[in-house]
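So the chains spell out like this:
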Amino acid sequence: MKIIDWYILKRFLVTFLFTLLILIPIAIAIDISEKIDNFLEHPDLGLYQIIDEYYKNFIIYYANTFMPLALFIAVILFTSKLSNNTEIIAITNAKVSFTRFLYPYFIGATLITIISLGMNHFVVPNSSKERKKFEREFIKNRSQLNELKYVKEFSLQLTDSTYIFIKSFNTSSNSGYDFTSEVYNGIQLKSKLVAGRINYNDTDSTFTLFNWKKRKIFRDRDSIFSGNKIDTVFTFTPKDLIYKSALSQEMPSGELQEFISISKNRGVKNLNAYLVELYKRTSLPIASYILTIIAVALAFRKRRGGTGVNLAMGIGIMFVYIFLMKIAEVLGGVASVNSLLYVWLPNIFFGCLAIYLYLNARK
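Just so you know, these numbers come straight off a predicted model, no measurement behind them.

Moving on to a negative patch on the surface. Taken together, the side chains of Asp 44, Glu 53, Glu 130 and Glu 137 define an acidic patch exposed on the protein surface. Within the secondary structure, Glu 130 is located in helix H5 (residues 103-138). When its relative accessible area of 42% is taken as the criterion, Glu 130 is described as partly exposed.

As a further point, take the pattern of salt bridges. All told, the structure shown has 10 salt bridges when counted by the stated rule. Glu 250 is the salt-bridge partner of Arg 136, the closest N and O atoms lying 3.2 Å from each other. Here Glu 250 lies in the loop between strand S6 (222-232) and helix H7 (253-265) and Arg 136 lies in helix H5, a separation of 114 residues in the sequence. The class for Glu 250 is buried, based on a relative accessible area of 9%. Bridged by salt links that share partners, the residues Glu 277, Lys 280, Arg 281 and Glu 329 form one connected network.

A few words now on a nonpolar patch on the surface. A grouping of Phe 18, Ile 22, Ile 26 and Ile 30 is seen on the molecular surface, where their side chains present a nonpolar patch of about 390 Å² in accessible area. Topologically, Ile 22 is positioned in helix H1 (residues 3-40).

At a minimum axis separation of 9 Å, helix H2 (residues 47-84) and helix H8 (residues 272-299) run at an interaxial angle of 20°. Looking at the two axes, H2 sits roughly parallel to H8. Helix-helix and strand crossings are classified by hand; for H2 and H8 the assignment is right-handed. Of the residues in H8, those in contact with Pro 68, Leu 71, Phe 72, Val 75, Ile 76, Thr 79, Ser 80 and Ser 83 of H2 are Leu 284, Ser 288, Leu 291, Thr 292, Ile 294, Ala 295, Val 296 and Ala 299. Looking at the contact of H2 with H8, its residues break down into 11 nonpolar, five polar and no charged.

For the rest of this paragraph, the subject is H8. The end-to-end C-alpha distance of H8 is 38 Å, a good match for the 40 Å that 28 residues give at a rise of 1.5 Å each. A maximum bend of about 35° is found in H8 at Lys 280. For H8, a buried count of 22 out of 28 residues is recorded, marking the element as mostly surrounded by other parts of the structure.

Right, let's talk about the sheet that holds strand S1 (residues 150-157) for a bit. Reading across from one edge, S1-S2-S3-S4-S5-S6 is the order of the six strands in this open sheet, with antiparallel pairing throughout. Strands at the two margins of the open sheet, each flanked by one partner only, are S1 and S6. Each neighbouring strand pair of the sheet contributes to a mean axis angle of 10°, computed without reference to strand direction. Taken together, the 10 bridges between strand S3 (residues 175-185) and strand S4 (residues 188-201) define a ladder with antiparallel strand orientation. The residue of S4 that forms the bridge with Phe 179 is Ala 195.

Even without glycine at this site, Asn 174 takes up a positive phi of about 55°. If you trace the backbone, Asn 174 turns up in the loop between strand S2 (162-170) and S3. Although it is not a glycine, Asn 211 adopts a positive phi angle of roughly 50°. By the secondary structure assignment, Asn 211 is in strand S5 (residues 206-217). Asn 211 sits in the exposed class, given a relative accessible area of 57%.

Parameters at a glance
Residues numbered from 1 in each chain as written. Predicted model: local features only at pLDDT ≥ 70, side-chain atom pairs only at ≥ 80, totals over all residues. Heavy atoms only, no water. Patch = residues over 30% accessible without salt bridge, like charges linked within 9 Å, V, L, I, M, F, W, Y side chains within 5 Å. Areas by Shrake-Rupley, 256 points an atom, 1.4 Å probe, with all protein chains shown as cover. Salt bridge = Lys/Arg side-chain N within 4 Å of Asp/Glu carboxyl O. Lys, Arg positive; Asp, Glu negative; His and termini not counted. Charge placed at Lys NZ, Arg CZ, Asp CG, Glu CD. Helix = DSSP H or I, 4+ residues; strand = E, 2+ residues; numbered from the N terminus. Buried < 20%, exposed > 50% of the residue type's maximum accessible area, 1.4 Å probe, protein only. Axes fitted to C-alpha atoms, helices over the stretch in contact; angles between N-to-C directions. Parallel < 35°, antiparallel > 145°, perpendicular 65-115°, else oblique. Left-handed = near helix turned anticlockwise from the far one by under 90°. Contact = heavy atoms within 4.5 Å. Nonpolar A, V, L, I, M, F, W, Y, C, P; charged D, E, K, R; others polar. Expected span 1.5 Å × (residues − 1). Bend = angle between axes of the 7 residues up to and from the residue. Pairing = 2+ DSSP bridges.

Right, dumping it as structure tokens:
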């Protein structure tokens, strides 16, 4: 790397960190104003606990979320300053092509992308788990808690031949009502187990069935057994009954991929919300390259109005990108669509824009 590369890279990273450090306090201030009443409702909740269990993880989550935005703004600010100071004119007069000029920017974008990928796949999910646990205990309202606590009319395929049905289940007390387990041989029913009530025992991972009745079907006869109480084992836990897309944010990517694989084998119909979360963890960091090209191409040439015009154009483009990304996430979570394509659509669209601006800037 030449001296000019080190100069651009250093100033680029410093501007990026400065932008990120501006955005985070703004997010914290807005969040405090929204949640101050929740904090005051719990006199036993100390300042250290709020910072350690909530805002520490809040900063990790939003620092990672704001990285592409901070990168985009930083590139526009720094490159506009180079252009306004006629430094870019001196660089181009030295026969440095636009492609070569992008070299230090891509090094910086690569560093940020690697950090963002590591945080998205490993750090942020664990951090989100702690943050959401705090929110459920001190912030969430009753209706939101009940949504996570109660499961109704749930069916699950445990193996190729075993299916379970539960009319209602409380994941807080680990108890449910109207439980049914059916075992098939092809399309023929081989046995059926029903129970008026079911409890899960954390100590030994067993289930206790109350007022149970089991019917075994043979070729020429049926056998029926019943009782008041019996302990048995099933290959699922109460956690498997909660299919909420918000829970995907709390799973590291390895655990999330395993969860998706197991759920597919169990016959869960729509897992696109989980797939969207998994694919988004890679697509958003990769967007750093696309946004870098767009930002440099916008700010490369000196404009009338200076940095303000470039920054306004950049923020407008960034908001369009965020808008398209949110729409793509919603549409990608719908059943029977290609969630991978929808998640990457904003990158594809803005990738084409980046190519156009790049070719135009080279002229």
